[in-house]
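# Understanding the architecture of this molecule
The chain contents come next:
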Amino acid sequence: MNWFRHHSQIVTTDGHVRVRMDGDPADASISQVSKKPNSLRVTRLTTTTPMKHLSMPPAQLPPPISRHVAVIGAGAAGLVSARELRREGHDVVVFERDNQVGGTWVYNPQVEPDPLSLDPNRRIIHSSLYSSLRTNLPREVMGFKDYPFIAKNDKKRDQRRFPGHREVVLYLQDFASEFGIEEMVRFDTEVVHVGPVEDNIGKWIVRSKRKISDDDREVSFGFDVDEEIYDAVVICNGHYTEPRIAQIPGISSWPGKQMHSHNYRTPEGFKDQLAILIGSSASSVDISREIAGVAKEVHVTSRSVADETYQEQPGYDNMWLHSMIESVHDDGSVIFRNGRVVVADIIIHCTGYKYRFPFLDTNGIVTVDGNRVGPLYKQVFPPALAPWLSFVGLPMKVATFPLFELQSKWIAGVLSGHIALPSPEEMMEDVKAFYETLEASNIPRHYTHNLGGCQFEYDNWLASQCSCPGIEEWRRQMYDAASKSKRLRPEIYRDEWDDDNLVLEAYADFTKYT
């Protein structure tokens, strides 16, 4: 049996026994043997006595099968997927609708004309970054396992431990350059259709449109449309573009302004406003504190606090934390569950995003229902379409880049024939068991991809499938330390920390790669 925790619940799944979760099982076995009293005697014997029966020839892997693979998206997930697929011998094409790599980390100062992003015909802006955004994890934790995110000795680079978004894009550009990934990317090319070839589940149609200039000045554009056949498709298009909006009684007649954090960039437009932010996760924490410097009042409302909650936020005389909104009214008033009433100018929905794959047509096999993408075996493979269709990057509340890396290794190995999947029936049974566990634990459907409480167990399960080292202990401890510091010291955690011992461990580990 193999196991990992889902939201503090122990879930058993079919697989191999792992002796330790942060490395190869053989390492743990050797470690245990070496602690036995007779281990020194055995060592002495091996220096004088031939023990050929202890020397096992390395396992011979079958020759890899090379597949023609389409990767959708050249953000962090798409870049590392392309690298791992090519390392495994596959022929890879990456489709990217932007003109550069970086995905969600590419900042765009423009916002959508519909501030709530509800109009299906709106001009979509794919970036959700605000100008001042810095990472909420230290760079040591964020980086890919074998390509550390270390500070560059360059005055033009952001050397802070919690850098701004531009530094993350530069890191991803460095990664793409180091591994020659850009040569695989078709820029300014949007995928408009992905679907299985009729009567051939192992082949996929990928239809795309490539932006081309109509003249030398590149003032206006047309499109070339291509349709190609691939053996497999890996979807890495991210999930920070389609906003979720809170459902509030009376909101249709409320006269104030509304927007989603997707369309927030700078605080200047909130001068002297009374603003309400719905949500208490990362974007709400950052935006509320930034606009408090110019706004008249800032009220943050959260579903995760008790109904009677009303707290002035430390360090501010114009910001309060409330329980959730009870209702809003046409006189501009907003009533909270704690009984407080304010008349607000604007409500900002910091309420997360929806998974959306407008290009994907699987004849109903893969669906998005209540923000659950499924059915997916281990968050990656639809059992009925595995391994020809896979997803990288769906999990939330995680250290993303290392998780992307391990998911990509698994997919690449499965496609080459070096790693075996269970049967479709066994995978589907595993998915059903996972869903039943979530339901029994009263975990909402839209938290299906929230692996915050079990991400490292999940990472290590992936590593076990790939026969590669799991998550480093320092990375796990550093993630926990940063998360704790963020809760306790939201104003200063990015610039003051007390885990220098873990930083030293990380950089000692990085010497293997740098």
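Everything that follows concerns the structure shown earlier in this document.
Here goes a summary of the coordinates provided. Model, not experiment: these values are computed from the prediction.

## A short note on the overall build of the protein chain
When helices and strands are counted, the protein chain shows eleven helices and 23 strands. The buried share among the 514 residues of the protein chain stands at 50%.

## Focus on the packing of helix H3 (residues 76-87) against helix H5 (residues 165-178)
Put simply, H3 and H5 touch, their axes get as near as 11 Å, and they point 15° apart. As far as their axial angle goes, H5 and H3 are roughly parallel. For the pair H3 and H5, the sense of crossing is left-handed. Of the residues in H5, those touching H3 at Ala76, Leu79, Val80 and Arg83 are Leu172, Phe175 and Ala176. Split by residue class, the contact of H3 with H5 holds six nonpolar, no polar and one charged.

## Remarks on the sheet that holds strand S3 (residues 68-72)
The sheet built from five strands is open, its strands ordered S5-S4-S3-S9-S23 with parallel pairing. Two strands close off the open sheet at either side, each with one partner strand: strand S5 (185-186) and strand S23 (389-391). In terms of strand pairing, strand S4 (residues 91-95) meets S5 through two bridges, oriented parallel. Pairing of Phe95 across the sheet is with Arg186, part of S5.

## Remarks on the sheet that holds strand S16 (residues 325-328)
Consider a sheet: its strands pair through backbone hydrogen bonds, and that pairing is either parallel or antiparallel. Taken in spatial order, the three strands make up an open sheet running S16-S17-S18, and their pairing is antiparallel. Looking at the sheet topology across the chains shown, the edges are occupied by S16 and strand S18 (341-343). Averaged over all pairs of adjacent strands, the angle between their axes in this sheet comes to 25°, without regard to strand direction.

## Comments concerning the nonpolar core
Formed by 117 residues in total, the largest nonpolar core has its most connected members in Phe391, Phe401 and Trp410. It is helix H7 (residues 400-416) that contributes the most residues to this core, nine residues altogether. Beyond its immediate chain neighbours, meaning those up to four positions away, Phe401 contacts Ala76, Trp105, Met142, Gly143, Phe144, Val168, Tyr171 and Leu172. Among the nonpolar cores identified, the runner-up in size contains 15 residues, and Leu274, Ile276, Val328 and Val334 belong to it.

## Considerations on the environment of Ile235
Note on placement: Ile235 falls in strand S9 (residues 232-235). By relative accessible area, which is 1% here, Ile235 ends up buried. Taking the C-alpha atoms as reference points, Ile235 and Gly393, 158 residues apart in sequence, are found 8.6 Å from one another. Look past the residues within four positions of Ile235 in its chain and what remains in contact with it is Ile72, Phe357, Phe359, Leu360, Leu389, Ser390, Phe391 and Val392.

## Overview of the environment of Glu84
Within the secondary structure, Glu84 sits in helix H3. Residues Glu84 and Gly413, 329 residues apart in the sequence, show an inter-C-alpha distance of 8.7 Å. Apart from residues no more than four positions distant in its own chain, Glu84 is found in contact with Glu405, Ser408, Lys409 and Ala412.

## Let's talk about the packing of H7 against helix H9 (residues 455-466)
Axis separation between H7 and H9 bottoms out at 9 Å; the angle between their running directions is 30°. Between H7 and H9, the angle falls in the class roughly parallel. Taken as a pair, H7 and H9 cross one another with a handedness that is left-handed. Contact residues: Leu403, Leu406, Gln407, Lys409 and Trp410 in H7; Tyr458, Asp459, Trp461, Leu462, Ala463, Gln465 and Cys466 in H9. Partitioning the contact of H7 with H9 into residue classes produces eight nonpolar, two polar and two charged.

## Things to note about the packing of aromatic side chains
Enumeration over the complete set of coordinates arrives at 26 aromatic pairs. Between Trp410 and Trp461 the ring centres are 5.2 Å apart and the planes differ by 90°, which places this aromatic pair in the edge-to-face class. Separated by 51 residues along the polypeptide, Trp410 in helix H7 and Trp461 in helix H9 bring together distant segments of the chain. For the pair formed by Trp410 and Trp461, the shared burial category is buried. The ring of Trp497 is capped by Arg161, whose NZ or CZ atom sits 5.0 Å from the centre of that ring. One cation-aromatic arrangement involves Lys209 over Phe223; the distance from NZ or CZ to the ring centre is 4.8 Å.

## Remarks on the pattern of salt bridges
Scanning all chains against the criterion turns up 32 salt bridges. A salt bridge links Glu84 to Arg83, with the nearest nitrogen and oxygen atoms 2.7 Å apart. Comparing Glu84 with Arg83, the two get one shared label, buried. Salt-bridge contacts for Asp158 lead to Arg160; the nearest nitrogen and oxygen are separated by 2.8 Å. One salt-bridge network, held together by shared partners, links Arg83, Glu84, Arg87, Asp146, Glu405 and Lys409.

## Brief notes about helix H11 (residues 500-510)
Three- or four-residue spacings in an α-helix give side chains the same orientation, since the helix completes a turn every 3.6 residues. Looking at H11, one finds that the buried residues are Leu502, Val503, Ala506, Asp509 and Phe510. The buried residues of H11 occupy an angular sector of 125° when projected down its axis, which confines them to one face.

## With respect to the side chain of Ser128
Mapping Ser128 onto the fold places it in the loop between S4 and helix H4 (139-142). Side-chain polar atoms of Ser128 contact the backbone oxygen of Tyr240, separated by 2.5 Å. Separated by 2.6 Å, the side chains of Ser128 and His262 make a polar contact.

## Remarks on the environment of Arg123
Mapped onto the elements of the fold, Arg123 is located in the loop between S4 and H4. In this structure Arg123 comes out as partly exposed when scored by relative accessible area, which is 46%. Taking the C-alpha atoms as reference, Arg123 lies 6.2 Å from Glu112; in sequence the two are eleven residues apart. Setting aside residues up to four positions removed in sequence, Arg123 forms contacts with Gln110, Val111, Glu112 and Pro113.

Cut-offs applied
- Residues numbered from 1 in each chain as written.
- Predicted model: local features only at pLDDT ≥ 70, side-chain atom pairs only at ≥ 80, totals over all residues.
- Heavy atoms only, no water.
- Helix = DSSP H or I, 4+ residues; strand = E, 2+ residues; numbered from the N terminus.
- Buried < 20%, exposed > 50% of the residue type's maximum accessible area, 1.4 Å probe, protein only.
- Axes fitted to C-alpha atoms, helices over the stretch in contact; angles between N-to-C directions.
- Parallel < 35°, antiparallel > 145°, perpendicular 65-115°, else oblique.
- Left-handed = near helix turned anticlockwise from the far one by under 90°.
- Contact = heavy atoms within 4.5 Å.
- Nonpolar A, V, L, I, M, F, W, Y, C, P; charged D, E, K, R; others polar.
- Pairing = 2+ DSSP bridges.
- Core = buried A, V, L, I, M, F, W, Y, C linked by side-chain atoms within 4.5 Å.
- Phe/Tyr/Trp six-rings, centres within 6.5 Å; stacked < 30°, edge-to-face > 60°.
- Lys NZ or Arg CZ within 6 Å of the ring centre and 35° of its normal.
- Salt bridge = Lys/Arg side-chain N within 4 Å of Asp/Glu carboxyl O.
- Arc of directions from axis to C-beta.
- Polar contact = N/O pair within 3.5 Å; in protein donor to acceptor, adjacent residues only side chain to side chain.

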